[in-house]
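Take a look at the letters that make up each chain.
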Amino acid sequence: MTHELTPDSQAILLLTAPLLVGGGGERPAGLEVKRKPLTLREYNSLAAELQQRGLAPAALLNDRFPIDIARCSRLDPRRIDRLLGRGYALARALERWEKRGIWVLTRADAQYPRLLRERMGRNRPPVLYGCGNRALLDRGGLAVVGSRAVADDVAVFAEEVGALCASSGVPIVSGGAKGVDQAAMRGATDAGGCAVGILANNLARAVLVRANRDAIMQGRLVLVSPYDPAARFFVGHAMARNRLIYGLADSALVVNSDLGRGGTWTGAMEQLGKLNYVPVNVRNRGRTSQGLVGLMEHGAKPWPDPRTPDELRRVMAGHPHDHRQRSGGRRPAAEPATDSQGNLFPGRGASGHVAAARESVATPTDRLLIALKGEMSRDEIAESLGLSKSHVQRAYLRPCLERGWVARTIPDKPSSVNQRFFLTDRGRDHLRAPGVHEPADTRQ
């Protein structure tokens, strides 16, 4: 629970957390603006002095400081005293966070993510705020990153990667932003897999989004931020959280990037040149971009584009396999689908496991064809798939209409409120083709 903090964690929060009032405001609760929380560098300096003397952060909560702060560091003792005196503001913040289901981890907690401890060392955030299954933070996974504004086919690619990760038991780690991030995370959670979202702002708002809330309640999603849950967006925050995305993953895939600018480019270049937490791959299917080419020139590898759970696991283990070398070009049968703990879905026989696995690795267009029963409106299709109407229109309906797999009941009036959609003979032929997922009961 958020209110069950150790004395060490209380001290770290008082020293480093802004304890914002909420609503995106920047004014700390109960404090003058001049009483700024310690920066990471300042806190590290103070923590090092305490450690040299065998003391924990909680020692600062005593009436008298155990060290001469003015002599040991450049910090003003009066500033430290004011920060540590924010007990009431902290209590208010904890109450506010707990109402949203938000928990807090500090560097003093044993549950702090192991990968961040090992990879970031003293540069890891003093505080992590989160909501959801904390155990996901220690599972690693595939970091999927990319631009906010992307073409539909690029978003569909990211969603397919998320679905494949779900069928492979590999969590998606991403930034939760519009575009590639949300597509990959949605692909994973919609297919019954797990995702870790590292947010740069507004955690308190994100946990209330219905799609996030459902996945959080099912233990398949955790949202985390090193910034106060009420913090607004800042470019610097978005840049800095990229390190956490890579830091919590086993491998990384850049789906799209501008050349020489933007958070995706900067984060990937930092990994390739300075940090090297994980291998960095770039999308190797469809239209490329100058940014992806530029990243390969700096050492990124082309994504092997695995198509089955086994192929993806080989890639994650450092043994890429080119799916194009499979005999006959046919996909092997999918492996049994599992839940977030790696267990087979309950209540299904062997045929049910195969059907679930097929659903979990299905492309967005295949999922639409499977879900389409008789004539259905866009609202009914969106409800059946558990997705937003706008996303269904962009990533599902439009490609199927263009390929002639789905047709409109009122073709002359595409925007008619009475418009419905149905599966064509060509769409049925596509579903019967080798390697394409057969219709399954999507209600299970």
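The present account deals with the structure reproduced in this document.

Scoring rules and cut-offs
- Residues numbered from 1 in each chain as written.
- Predicted model: local features only at pLDDT ≥ 70, side-chain atom pairs only at ≥ 80, totals over all residues.
- Heavy atoms only, no water.
- Helix = DSSP H or I, 4+ residues; strand = E, 2+ residues; numbered from the N terminus.
- Buried < 20%, exposed > 50% of the residue type's maximum accessible area, 1.4 Å probe, protein only.
- Contact = heavy atoms within 4.5 Å.
- Areas by Shrake-Rupley, 256 points an atom, 1.4 Å probe, with all protein chains shown as cover.
- Axes fitted to C-alpha atoms, helices over the stretch in contact; angles between N-to-C directions.
- Parallel < 35°, antiparallel > 145°, perpendicular 65-115°, else oblique.
- Nonpolar A, V, L, I, M, F, W, Y, C, P; charged D, E, K, R; others polar.
- Salt bridge = Lys/Arg side-chain N within 4 Å of Asp/Glu carboxyl O.
- Polar contact = N/O pair within 3.5 Å; in protein donor to acceptor, adjacent residues only side chain to side chain.
- Expected span 1.5 Å × (residues − 1).
- Phe/Tyr/Trp six-rings, centres within 6.5 Å; stacked < 30°, edge-to-face > 60°.
- Lys NZ or Arg CZ within 6 Å of the ring centre and 35° of its normal.

**Looking at the overall build of the chain**
Logical step 1: Within the chain, the regular secondary structure consists of 19 helices and eleven strands.
Logical step 2: For the chain, buried positions account for 52% of its 444 residues.
Logical step 3: Residue pairs at least 24 apart in sequence account for 67% of intrachain contacts in the chain once pairs closer than 6 positions are excluded.
Logical step 4: Only carbon and sulfur atoms are counted for the fraction: they give 48% of the accessible area of the chain, which is about 21,100 Å².

**Looking at the packing of helix α7 (residues 152-168) against helix α14 (residues 309-316)**
Logical step 1: Viewed as axis vectors pointing N to C, α7 and α14 meet at an angle of 90°, and their least axial separation amounts to 9 Å. With respect to each other, α7 and α14 are oriented roughly perpendicular. Packed against α7, whose contacting residues are Leu164, Cys165, Ser167 and Ser168, the element α14 presents Pro309, Leu312 and Arg313 at the interface.
Logical step 2: Classifying every residue of the contact of α7 with α14 gives four nonpolar, two polar and one charged.

**What about the environment of Ala93?**
Logical step 1: Within the fold, Ala93 resides in helix α5 (residues 87-99).
Logical step 2: A residue is classified by how much of its surface remains accessible, and Ala93, at 0% relative accessible area, is buried.
Logical step 3: With 135 residues separating them along the chain, Ala93 and Asp228 place their C-alpha atoms 9.8 Å apart.

**A few points about the pattern of salt bridges**
For side chains bearing opposite charge, pairing can occur when the charged atoms are close.
Logical step 1: A full pass over the atoms with the stated rule returns 16 salt bridges.
Logical step 2: Between Arg78 and Asp76 there is a salt bridge; the shortest N-O distance is 3.3 Å.
Logical step 3: Across the salt bridge formed by Glu380 and Arg420, the nearest N and O atoms sit 2.9 Å from each other. With Glu380 in helix α17 (residues 378-385) and Arg420 in the loop between β10 (406-408) and β11 (421-423), this residue pair connects regions lying 40 residues apart in the sequence.
Logical step 4: Beyond isolated ion pairs, a larger network of salt bridges with shared partners links Glu160, Arg285, Asp305 and Arg307.

**Thoughts on the side chain of Gln271**
Logical step 1: Relative to the elements of secondary structure, Gln271 occurs in helix α12 (residues 263-275).
Logical step 2: Polar contacts involving the side chain of Gln271 include one to the main-chain amide nitrogen of Tyr277, which spans 3.1 Å.

**Some remarks on the environment of Pro304**
Logical step 1: For Pro304, the position within the fold is in the loop between β9 (301-302) and α14.
Logical step 2: Accessibility expressed as a relative area gives 17% for Pro304, which makes it buried.
Logical step 3: Taking the C-alpha atoms as reference points, Pro304 and Arg285, 19 residues apart in sequence, are found 9.3 Å from one another.

**Side note on α12**
Logical step 1: In this model α12 runs just 16 Å from its N-terminal to its C-terminal C-alpha over 13 residues, more than 12% under the 18 Å that 1.5 Å per residue would give.
Logical step 2: Here α12 has its buried residues at Thr264, Trp265, Gly267, Ala268, Glu270, Gln271 and Leu272.
Logical step 3: On its buried face, α12 sits against β3 (142-145), α11 (235-247), β7 (251-254), β8 (280-282) and α13 (290-297).
Logical step 4: Positioned one or two residues after α12, Asn276 has a phi angle of 55°, which is positive.

**So, unusual backbone geometry**
Logical step 1: If you check the backbone angles, Asn276 has positive phi at about 55° while not being a glycine.
Logical step 2: Relative to the helices and strands, Asn276 resides in the loop between α12 and β8.
Logical step 3: According to the relative accessible area criterion, Asn276 is partly exposed, its value standing at 49%.
Logical step 4: Even without glycine at this site, Asp305 takes up a positive phi of about 60°.
Logical step 5: Summarising the element assignment, Asp305 is placed in the loop between β9 and α14.

**Digging into the packing of aromatic side chains**
Logical step 1: All told, the structure shown has one aromatic pair when counted by the stated rule.
Logical step 2: Centre to centre, the rings of Trp97 and Tyr129 are 5.2 Å apart; their planes meet at 70°, and the pair counts as edge-to-face. Residue Trp97 is located in helix α5, and its partner Tyr129 is located in strand β2 (residues 127-132); the two are separated by 32 residues in the primary sequence.
Logical step 3: It is Arg124 that lies over the ring of Tyr112; its NZ or CZ is 5.7 Å from the centre.
Logical step 4: Across the ring face of Trp103, the terminal group of Arg134 is positioned such that the distance to the ring centre comes to 5.4 Å.

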